[in-house]
Amino acid sequence: MIAYITKLTQLLALPAENEVVEFKEAKKGYDFTKLGKYFSALCNEANLKRQASAWLVFGVNDQRQVVGSNFRLTRKDLDSLKEEIANKTTNRITFIEIHEVAHANGRVVLFEIPAAPKGLPVAFDGHYYGRDGEALSPLNLEEIERIRAQSTVEDWSAVIVPAASLTDLDEEALEMARRNFKSKFPDKAAEVDGWDMPTFLNKAKLTIKGHVTRTALLLLAREEAEQFRLPAEAKIRWLLKDHLGNDRDYALFGMPLLLAVDKVYAKIRNLKYRYIREGTLFPDEIDQYEPYAIREALNNCIAHQDYTLAGRINVVEREESLSFTNKGSFVPGDVSRVVMEDAPEEHYRNRFLATAMFNLKMVDTAGGGIRKLFLFQRQRFFPMPDYDLSGNRVMLTLTGKVLDIDYARLLARDGGLTLQDIIALDKVQKRQELSSDEEKLLKAKALIEGRKPNFFVAKSLAQQTGQKARYSKNLAFDKQYYLDLICKAVKEHGSMARKDIDELLWNKLPEWMDDRQRKIKVGNLVAELRRQKKIINRGSDTRPSWALVSSKN
């Protein structure tokens, strides 16, 4: 606490606000959207000013006088803000920490905001913000490009390792590399056969003028070559879990990663999945996962791993899903944009490595790799791929089953639904939050109903997909229905405790409500009956016993 009292004193001593410090009174509260915009702006400005963090201070006026703030008085509410902000920002970036300082003139809240990662401007709700002096404004194009260009200044994968030589490379991996290069560029096959090994490695962009790079070591080196200043971990771990989440088997694969991909692929069971298509009694039988999807996901982990973080690539296999995890932020920033634009990325964390992997037929830098993952899932009627970008890592999960065959059939049919529609509707089915653009899209096409964030499939779509019961469960009854039900039950039993009223209404409330929302809803209904003087508490505040006002004491 003392450290942050000192920090507050330092901030108050500034001659004025600047690009990385903002003061707000926030005496009673503060608009969440404005807070999010300031978060984006301060993130980006801290990056541009080469500061480790920025500060947003509540409880201080424009003259830098402490006036106190009642913003989210409980610690639980303050901490929940971290997730609320993460849900709206690039790669789920959120506060480093939120500090409360007890000043003599009132409570002060210090929001410690991280600088945007190198090469990755931070957006809030899809828009980039910055500062012009003290004013909040959209981040201009020059500043966006200046941040993005940071990712190309230093390419970890292109660094030459002076102590390594061609003798440290694995012969089997070298042979496969040459085969793959010829397969990728068949018009050069005859020419490639005439190249000696140093020439081939230079042409394939694995070495630089005959010097071994970190890329060459990662993809082609013998396992014992890890000594050459590589990260602590240049490995892929495969882990098999049962339906209870217990570990059943595992394996660890190191360099050369070109060969490790096939070894990991061989471990994945990729069982057969059977289901009956519409209009036939005979089941279809397909692999749970498209082989291309497995290889694309795994090779993307290798290409985009942040090797400076010294972490492993993880492949976790469960009964009905596969998860692939690599360390580092998602450089493109927005998965939806990558899928819909279907174009090659402008920036890569490991550009030299990505180029080499493209030449060896490991990844598709011509664009469309991630989009293909979505299309393969669509063809199977399976849920769309899930990307979790939190915790400075990227986790892709592929689900290998149909969640709702009737719903899936409709989504897979050719017709009015685009891939963008399907991705957004998939979020609704999974109870994931929609972006503002996705919400507008689905509402404009009358595909969803309900109130944000608790949307559900619209009546017309539910009727076509066999979800009539689910649709009805998502609709609330008229409020009067609940009020009459409480009064009727209280009259029948003489009195009812709050837990009895909860039990009476719990399963009659909309399916989208969680337990907390149901508790609040029931409390509001009881409070309304009390205000209408229809029921009265004959018990205590801690143990209420509700009875009809007209009943005898």
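Look up a bit, the structure's there.
Throughout what follows, the structure given in this document is the object of discussion.

What counts as what
- Residues numbered from 1 in each chain as written.
- Predicted model: local features only at pLDDT ≥ 70, side-chain atom pairs only at ≥ 80, totals over all residues.
- Heavy atoms only, no water.
- Helix = DSSP H or I, 4+ residues; strand = E, 2+ residues; numbered from the N terminus.
- Buried < 20%, exposed > 50% of the residue type's maximum accessible area, 1.4 Å probe, protein only.
- Areas by Shrake-Rupley, 256 points an atom, 1.4 Å probe, with all protein chains shown as cover.
- Salt bridge = Lys/Arg side-chain N within 4 Å of Asp/Glu carboxyl O.
- Expected span 1.5 Å × (residues − 1).
- Contact = heavy atoms within 4.5 Å.
- Pairing = 2+ DSSP bridges.
- Axes fitted to C-alpha atoms, helices over the stretch in contact; angles between N-to-C directions.
- Phe/Tyr/Trp six-rings, centres within 6.5 Å; stacked < 30°, edge-to-face > 60°.
- Lys NZ or Arg CZ within 6 Å of the ring centre and 35° of its normal.
- Arc of directions from axis to C-beta.
- Lys, Arg positive; Asp, Glu negative; His and termini not counted.
- Polar contact = N/O pair within 3.5 Å; in protein donor to acceptor, adjacent residues only side chain to side chain.
- Parallel < 35°, antiparallel > 145°, perpendicular 65-115°, else oblique.
- Nonpolar A, V, L, I, M, F, W, Y, C, P; charged D, E, K, R; others polar.
- Left-handed = near helix turned anticlockwise from the far one by under 90°.

In this section: the overall build of the chain. Scanning the chain for helices and strands turns up 22 helices and 22 strands. Within the chain, the fraction of its 553 residues that count as buried is 49%. With an accessible surface of roughly 27600 Å², the chain has 50% of that area assigned to carbon and sulfur atoms.

Bringing the pattern of salt bridges into the picture now. Counted under the stated rule, the structure contains 24 salt bridges. The shortest N-O distance in the salt bridge between Glu 22 and Lys 24 comes to 3.3 Å. Judged by its relative accessible area of 2%, Glu 22 falls in the buried class. The shortest N-O distance in the salt bridge between Lys 88 and Asp 125 comes to 3.9 Å. Taken together, the residues Lys 88 in the loop between helix H3 (75-86) and strand E3 (97-103) and Asp 125 in the loop between strand E5 (123-124) and strand E6 (127-132) connect sequence positions 37 residues apart. Given a relative accessible area of 28%, Asp 125 falls into the partly exposed group.

Turning next to helix H20 (residues 479-493). For H20, built from 15 residues, the straight-helix expectation of 21 Å at 1.5 Å per residue is met to within 8% by its first-to-last C-alpha distance of 22 Å. All of the buried residues along H20 are Tyr 482, Leu 483, Leu 485, Ile 486, Cys 487, Ala 489 and Val 490. Against the buried residues of H20 lie strand E20 (496-497), helix H21 (498-505), helix H22 (515-531) and strand E22 (545-548). After H20 finishes, the residue Gly 494 shows a positive phi value of roughly 85°.

Two faces make up the sheet, and in a regular strand the side chains alternate between them. By the alternation rule, side chains of strand E1 (residues 21-24) split into Val 21 and Phe 23 and Glu 22 and Lys 24, which are all buried. With four bridges connecting them, E1 and strand E2 (residues 53-58) associate as parallel partners. Its bridge partner being in E2, Glu 22 is matched across the sheet by Leu 56.

The strand order across the open sheet formed by six strands is E11-E10-E14-E15-E17-E16, and the pairing between neighbours is mixed. Only two strands of the sheet have a single neighbouring strand rather than two, namely strand E11 (247-253) and strand E16 (386-388). If you compare each strand with its neighbour and ignore which way they point, the axes differ by 15° on average. Here helix H10 (residues 257-267) sits on the sheet and contacts strand E10 (236-241), E11 and strand E14 (313-317); the angle it forms with E11, its principal contact strand, is near 165°. Sheet strands in contact with helix H11 (residues 291-304) are E10, E14, strand E15 (321-327) and strand E17 (393-399), and its direction is about 15° off that of E15.

Below, the discussion takes up the packing of aromatic side chains. Summed over all chains, the structure comprises twelve aromatic pairs. Clustering of aromatic rings is evident, with ring pairs tying together Tyr 30, Phe 39, Phe 58, Phe 71, Phe 95 and Phe 111. When the ring centre of Tyr 265 is taken as origin, the NZ or CZ atom of Arg 295, which lies over that ring, is 4.3 Å away.

What follows concerns H3. Taking 1.5 Å as the rise per residue, H3 with twelve residues should run 16 Å; its terminal C-alpha atoms sit 18 Å apart, in good agreement. Residues of H3 that are buried: Leu 78, Leu 81, Ile 85 and Ala 86. All buried residues of H3 fall inside an arc of 130° around its axis, so they share one side. With respect to the buried face of H3, the exposed residues turned more than 90 degrees away are Lys 76 and Glu 83.

Within the secondary structure layout, Asp 170 lies in the loop between helix H5 (150-153) and helix H6 (171-184). Notably, Asp 170 is buried but unbridged: the nearest opposite-charge side chain belongs to Arg 222, and the N-O separation is 6.1 Å. A distance of 3.0 Å separates a polar atom in the side chain of Asp 170 from the backbone nitrogen of Glu 172. Once you skip the residues sitting within four places of it in the chain, Asp 170 turns out to touch Leu 220, Ala 221, Arg 222, Pro 256 and Leu 259.

Attention now goes to the packing of H20 against H22. One can describe the packing of H20 onto H22 by two numbers: an axis separation of 10 Å at closest approach and a directional angle of 75°. Of the possible angle classes, the one that applies to H20 and H22 is roughly perpendicular. Within the contact between the two elements, H20 uses Lys 479, Tyr 482, Leu 483, Ile 486 and Cys 487 and H22 uses Leu 525, Glu 528 and Leu 529. Of the residues contributing to the contact of H20 with H22, the split by class is six nonpolar, no polar and two charged.

Between Met 255 and Pro 256 the backbone carries a cis peptide bond, its omega angle lying at 0°. Looking at where Pro 256 falls in the secondary structure, it is placed in the loop between E11 and H10. The residue Arg 64 is not glycine, and still its phi comes out positive at about 60°. By the secondary structure assignment, Arg 64 is in the loop between E2 and H3. Under the relative-accessibility criterion, Arg 64 is labelled partly exposed at 24%. The residue Asn 91 is not glycine, and still its phi comes out positive at about 55°.

Between H10 and H11, whose axes approach to 11 Å, the crossing angle comes to 140°. Classed by the angle they form, the pair H10 and H11 counts as oblique. H11 is crossed by H10, and the crossing has right-handed handedness. On the side of H10, the interface is formed by Leu 257, Val 261, Asp 262, Val 264 and Tyr 265, while H11 contributes Pro 291, Ile 294, Arg 295, Leu 298, Asn 299 and Ile 302. Residue classes in the contact of H10 with H11 are distributed as eight nonpolar, one polar and two charged.

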